[in-house]
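Here's the letter readout for the chains.
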Number of protein chains: 2
Amino acid sequence: MNSKKSDRRGFLKGSAALAGLAVGAIPFANGKALAAVDQRTIKQSVTPDEPTIQDLLYGGRSSYETSVYRTPSPGAGLAQVGLRNLTPLQDSMGVITPAALHYVVARDLTLPNIDPRTHTFMIHGMVDRPLIFTLEELKRFPSVSRVHFLECTGNSGLYHYREWVEDRKKGRTDIYAIQGVHGRLSCSEWTGVPLSLLLKEAGVQKQAKWLIAEGNDIGRHAKSIPLAKAMDDIIVAYGQNGEALRREQGYPLRLVVPGFQGVNNVKFIRSIKVVDEPYYLRPEISAYTNLHPNGKASWYESQVGPKSLITFPSDAHHLPERGLYEISGIAWCGRGAIRRVEVSTDGGKTWKDARLQQPIFRKAWTRFLLGWNWNGTETQIMSRATNEYSDIQPTIMELAKLWGNQTTPPEPASEIASFWETAAISQFLNNPIQIWKVSQDGSIRDGTFSTFKMNPGLVR
Amino acid sequence: MNSKKSDRRGFLKGSAALAGLAVGAIPFANGKALAAVDQRTIKQSVTPDEPTIQDLLYGGRSSYETSVYRTPSPGAGLAQVGLRNLTPLQDSMGVITPAALHYVVARDLTLPNIDPRTHTFMIHGMVDRPLIFTLEELKRFPSVSRVHFLECTGNSGLYHYREWVEDRKKGRTDIYAIQGVHGRLSCSEWTGVPLSLLLKEAGVQKQAKWLIAEGNDIGRHAKSIPLAKAMDDIIVAYGQNGEALRREQGYPLRLVVPGFQGVNNVKFIRSIKVVDEPYYLRPEISAYTNLHPNGKASWYESQVGPKSLITFPSDAHHLPERGLYEISGIAWCGRGAIRRVEVSTDGGKTWKDARLQQPIFRKAWTRFLLGWNWNGTETQIMSRATNEYSDIQPTIMELAKLWGNQTTPPEPASEIASFWETAAISQFLNNPIQIWKVSQDGSIRDGTFSTFKMNPGLVR
């Protein structure tokens, strides 16, 4: 089999079809041409074992799909404060996260197992008519189905980064930065009733400005949410990706607060109290807030900024050889739709527009894709997102300035933890550009925290 | 608790908010107002049983979700010819079908369990460069993720209807027409490589016009597909709803042929042979084809016509009381996008435009919704879809004419089977308007085959 020659002939023609994808006339390194094809020579492993009745009623995964799981969060001590299992973004495709792989962040160690026939949802407080609904009643109301991301407030943040680094030092090799640092992030099609509709039924009084949403989990998680957000697009959701919510997502009822940090999306929702000011609940002022260098804290900053992440290749992957690959990633923003994603494969020197999966949903993942011919040399790859209002995802240095950092980066700044601490970057709502360092041997590792010093051009 | 009075006050205001949804000033019958709310009086069933490690790694459903399954197809004899488990459309929400509930129609009684590391996909025949790809290689090619429906060719057809009627007569009560007759239908976000790109790599020769796609299932299912369709939008798919294909959907690789009847979407795809004419394979000429009254058969009619179906309420549901409900359903078409769905709640006399879930995908489900105030009297509800080319979903009588029926409907036409047989309606590609008969007691049953005689206005 003269594969080398066939390769060249085959791929030159194929590359022409790829020109429109901004790849240029680069020969594809994948696909092996056959000089003479003989079907009998093709090895196919077929095991005709019978599917079980259960497989047919409600299907599970192939027995070969053993590597894609939401693994426990880094941080040994975290098991004490709640359940944290993270989405394997390195294996994500398109814009839907399967419910089985949607990240789980819960303050308790257990999840309630609620009977939907007895669960009720109440609206009370500053309303003309306090109302209480069963699930069956809610399902008779006009519904909406919308694709939205959820992201934990701490995603990509200091604490999680540090915990991941420490776990790696201790020898934990089952979780990568793409999942362990950024995996508090998923995207689903949510179905439910617009909260605004139910509030109108209840008759919100004139002086009302805030809502206190309370869940039915063990710890009775509660959150102050602006009334204006509810009148805009909050969903009282009972469906996720075409079926009932999963228990880890608040079965049988949760809030979906599009574009707002995860903590607002109260699971197992049991009541909403309409009030005139936020309740300054312990969790929402002790955490989920950023301490500025002047000692003041910024409460109720909820909207997730423009953000993007290359999911392939990332530190969970290994490039087997030089040649053409497709860089794939996700971009999202709490404010409107993603308009543009640029990708750099040369450490931030030059940027190319990636193509965006259509249609683009607001406050949801947008999948971006860009062909890349890796020439086998060491480099850094990264992406940056721009939303429809021209908000641009910042570098880590820009983010530090944004959060009030007045100090010069320390020397040496190679230590993640020390840089973060000195820079006084928030542990919440972090959206810096994520850099992946590609080595000559095809291995990939996190580069966000060491690259900025080596390439001052990154600091715009 | 003066619930009656509170109800009236509460719902009058709420209904105003619904006016924009074409519901009019109709009081909502759902939601119970509370004169005085006391949180302690609200019963909440919380069982804090610990989720298992397995639940957290890859989540399953709530233990209360026991009624939503893809039940075996009607037709006692069918178990002999393959696996047939159908999607519970009565519980569908939005436009995504969970992979676990996607319908299964297989010609064999077993499904291959293929090792993705050894599976290969070959392109050969009239090409300059026969090519063979591993899954890993395919994943390096530019990919697309698109939402598309799949529908079995026989869905809603004569044989399945008759089998369902016969099963019901024999006392089988676990499957309704909405699932048993129409449930060979699902919709997913599919991810994979455009087949056109791979064909260009192989270099399709000038005289080529057709493809022969062959699967790696036990029976080696194969199908002739026009080359032009491949150059348009066929996907060689490895992903469904953000994860690897399920085994029932052809793991690790299948064709997705958007808008074409299910049989074309070859699962476990192992090879495509590029040829100059279709192969007239036994399955594609003995079945999947419509016999016209003149004795001629129309082969290779593949595109699914405009179609819609009210999924709630349908014969799997029961309306507990008169009052406001939301009619919910799906519309789809093999040719382009759905532009309009009309709903009649008076047996076809008048029609109202339903609102359509946005954005609308081409060759995919579109969810439609319309508020409906049921006054408690017997009626028929139905929907009809129009696509962007103004193709309109036909009545059953129009469909009979379309397929060449020249006869007058028989007297009496109350028997489904005899009408179908006399009318010579196709068993394939059936898209007539589905009528649901609502009785005074709130029960709902199929009305497509008896209503047309009672309401000549349906025959347009």
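Right, let's get into the overall build of chain A. Helix and strand counts for chain A stand at 11 helices and 24 strands. The buried share of chain A, taken over its 460 residues, is 64%. Of all intrachain contacts in chain A linking residues separated by at least 6 positions in sequence, the fraction that spans at least 24 positions is 72%. By element, 53% of the accessible surface of chain A is carried by carbon and sulfur atoms, the whole surface being about 17100 Å².

With the rule as written, the count across this model stands at 7 aromatic pairs over all chains. Look at Trp372 of chain A and Trp374 of chain A: their rings are 6.5 Å apart centre to centre, the planes differ by 40 degrees, and that puts the pair in the tilted class. Residue classification places Trp372 of chain A among the buried positions, given a relative accessible area of 6%. An aromatic cluster is built from Phe121, Phe133 and Phe141 of chain A, whose rings are joined through pairwise contacts. Over the ring of Tyr58 of chain A we find Arg61 of chain B; its NZ or CZ atom is 3.7 Å from the centre of that ring. Against the face of Tyr325 of chain A rests Arg140 of chain B, its NZ or CZ located 3.8 Å from the ring centre.

A few words now on the sheet that holds strand S17 (residues 323–332) of chain A. Strand order across the open sheet formed by 4 strands is S16-S17-S21-S20 (chain A), with antiparallel pairing between neighbours. The strands lining the two open edges of the sheet, one partner per strand, are strand S16 (307–312) and strand S20 (355–356) of chain A.

Right, let's get into the side chain of Ser145 of chain A. Secondary-structure assignment places Ser145 of chain A in strand S6 (residues 144–151). Residue Ser145 of chain A is classed as buried on the basis of its relative accessible area, which comes to 8%. Within polar-contact distance, the side chain of Ser145 of chain A engages the side chain of Thr191 of chain A at 2.7 Å. Ignoring sequence-local partners within four residues, the contact set of Ser145 of chain A consists of Glu189, Trp190 and Thr191 of chain A together with Met93, Gly94 and Gln357 of chain B.

Residues and elements named next belong to chain B. Spatially, S16-S17-S21-S20 is the arrangement adopted by the 4 strands of the open sheet, whose pairing is antiparallel. Bordering the open sheet on either side are strand S16 (307–312) and strand S20 (355–356), each of which pairs with just one other strand. In the sheet, strand S17 (residues 323–332) pairs with strand S21 (residues 366–374) via 9 bridges, with the strands oriented antiparallel. For Leu324, the partnering residue across the bridge sits in S21 and is Asn373.

Here we come to the pattern of salt bridges. Residues and elements named next belong to chain B. Scanning all chains against the criterion turns up 34 salt bridges over all chains. Ionic pairing is found between Glu248 and Arg70, a salt bridge with its closest N-O pair at 2.1 Å. Taken together, the residues Glu248 in the loop between strand S11 (243–244) and strand S12 (254–256) and Arg70 in the loop between helix H2 (53–57) and strand S2 (84–85) connect sequence positions 178 residues apart. The closest approach of N and O atoms between Arg335 and Asp391, which form a salt bridge, is 2.7 Å.

In this section: helix H6 (residues 195–202) of chain B. Each full turn of the α-helix corresponds to 3.6 residues, which orients residues three or four apart in the same direction. Of all 8 residues making up H6 of chain B, 7 are buried, and the element is well covered by its neighbours. Downstream of H6 of chain B by one or two residues, Gly203 of chain B has phi in the positive range, about 80 degrees.

Our next topic: the nonpolar core. Trp365 of chain A together with Trp365 of chain B are the most contacted members of the largest nonpolar core, which has 83 residues in total. Once residues within four sequence positions are removed from consideration, Trp365 of chain A is found in contact with Leu89, Ser92, Gly94, Val95, Thr97, Phe149, Leu185, Ser186, Cys187, Ile330, Ala331 and Trp332 of chain A.

Attention shifts here to unusual backbone geometry. Cis geometry is adopted by the peptide bond preceding Pro252 of chain A, which originates at Tyr251 of chain A and carries an omega value of 5 degrees. Secondary-structure assignment places Pro252 of chain A in the loop between strand S11 (243–244) and strand S12 (254–256). Of note, the amide linkage connecting Gln358 of chain B to Pro359 of chain B takes the cis form, showing an omega dihedral of -10 degrees. Along the chain, Pro359 of chain B turns up in the loop between S20 and S21. The backbone phi angle of Asn241 of chain A is positive, close to 50 degrees, even though this residue is not glycine. Even without being glycine, Lys363 of chain A reaches a positive phi, approximately 55 degrees. Tracing the sequence through the fold places Lys363 of chain A in the loop between S20 and strand S21 (366–374).

Below, the discussion takes up the environment of Gly75 of chain A. All names here are of chain A. The topology assignment puts Gly75 in the loop between helix H2 (53–57) and strand S2 (84–85). Owing to a relative accessible area of 11%, Gly75 belongs among the buried residues under this scheme. Distance from Gly75 to Tyr161, taken between C-alpha atoms, is 9.5 Å for residues 86 residues apart in sequence. Excluding its chain neighbours within four sequence positions, the residues that come into contact with Gly75 are Glu163 and Asp167.

Right, let's get into the environment of Gly215 of chain A. Residues and elements named next belong to chain A. Counting through the fold element by element, Gly215 comes out in strand S8 (residues 210–215). On the basis of relative accessible area, Gly215 is assigned to the buried category, the value being 0%. Once residues lying within four places of it in the same chain are set aside, the contact partners of Gly215 are Arg220, His221, Val266, Lys267, Phe268, Ile269 and Arg270.

Residues and elements named next belong to chain A. Taken as a whole, chain A shows an average pLDDT of 82; of its residues, 77% reach a score of 70 or greater. Here residues 405–425 scores under 50 on pLDDT; set against residues more than four positions off or in separate chains, the count is 42 contacts. Listed scores for the predicted complex are pTM 0.88 and ipTM 0.87.

On to helix H4 (residues 158–169) of chain A. Taking 1.5 Å of rise per residue, the 12 residues of H4 of chain A would be expected to cover 16 Å, and the 16 Å separating its terminal C-alpha atoms lies within 8% of that figure. When we look at burial in H4 of chain A, the residues that qualify are Leu158, His160, Tyr161, Trp164, Val165 and Asp167 of chain A.

To continue, consider the environment of Leu195 of chain A. All names here are of chain A. With respect to the element layout, Leu195 can be found in helix H6 (residues 195–202). Sequence separation between Leu195 and Glu321 is 126 residues, and the spatial gap between their C-alpha atoms is 52 Å. Those residues within four positions of Leu195 in sequence are excluded, and the remaining contacts are Phe121, Ile123, Leu211, Ala230, Ile234, Ile235, Val236 and Ile272.

Attention now goes to the pairing of strand S18 (residues 338–344) of chain B. Residue and element names in this part refer to chain B. For S18, a buried count of 5 out of 7 residues is recorded, marking the element as mostly surrounded by other parts of the structure. Two strands pair when backbone bridges link them, and S18 and strand S22 (residues 379–387) are joined in this way by 6 bridges, in the antiparallel orientation. Paired with Val343 across the bridge in S22 is Ser383. In the sheet, S18 pairs with strand S19 (residues 352–353) via 2 bridges, with the strands oriented antiparallel. Paired with Glu342 across the two strands is Asp353, which belongs to S19.

Looking now at the state of the cysteines. All names here are of chain B. As enumerated under the stated definition, the model contains 0 disulfides over all chains in all. Left without a disulfide partner, Cys152 is nearest to the cysteine sulfur of Cys187, which lies 16 Å away. By relative accessible area, Cys152 is classed as buried at 12%. For the unlinked cysteine Cys333, the closest cysteine sulfur is that of Cys187, found at 13 Å. Relative accessible area serves as the criterion here: at 1%, Cys333 is assigned to the buried category.

Calculation rules
Within each chain, residues carry numbers counting from 1 in the order of the written sequence. Note on labels: chains are lettered from A, ligands numbered from 1, in written order. Totals for whole chains, interfaces and linings use all residues, but because this is a predicted model, local features are given only for residues with pLDDT of at least 70 and pairs of side-chain atoms are given and counted only at 80 or more. The side-chain quantities take in all heavy atoms of the structure and omit both hydrogens and water. Numbering of helices and strands runs from the N terminus, with a helix taken as a DSSP run of H or I at least four residues long and a strand as a DSSP run of E at least two residues long. Each residue is placed in one exposure class: buried if its accessible area under a 1.4 Å probe, protein chains only, is under 20% of its type's maximum, exposed if it is over 50%, and partly exposed if it falls in between. Contacts between residues were defined by any pair of non-hydrogen atoms, one from each residue, lying within 4.5 Å. All accessible areas in this document rest on Shrake-Rupley with a 1.4 Å probe, and a residue is counted as covered only by the protein chains that are shown. Centres within 6.5 Å make a pair out of two Phe, Tyr or Trp rings, where for Trp the six-membered ring is used; the pair is then stacked when the planes are under 30 degrees apart, edge-to-face when over 60, and tilted otherwise. By definition here, charges over rings are those cases where NZ of Lys or CZ of Arg is within 6 Å of the ring centre and within 35 degrees of the ring normal. DSSP-based pairing: two strands are paired if at least 2 bridges between them are found. Polar contacts, as counted here, are pairs of nitrogen or oxygen atoms within 3.5 Å of one another; within protein the pair requires one atom able to donate a hydrogen and one able to accept it, and residues that are adjacent in sequence qualify only if both atoms are side-chain atoms. Salt bridges are counted wherever a side-chain nitrogen of Lys or Arg sits within 4 Å of a carboxyl oxygen of Asp or Glu. The definition of a nonpolar core used throughout is a set of buried Ala, Val, Leu, Ile, Met, Phe, Trp, Tyr and Cys residues joined through side-chain atoms within 4.5 Å. Within a predicted model, pLDDT stands for the predictor's per-residue confidence, ranging from 0 to 100. By this rule, a helix spans an expected 1.5 Å times one less than how many residues it contains. Disulfide: a pair of cysteine sulfur atoms within 2.5 Å of each other.

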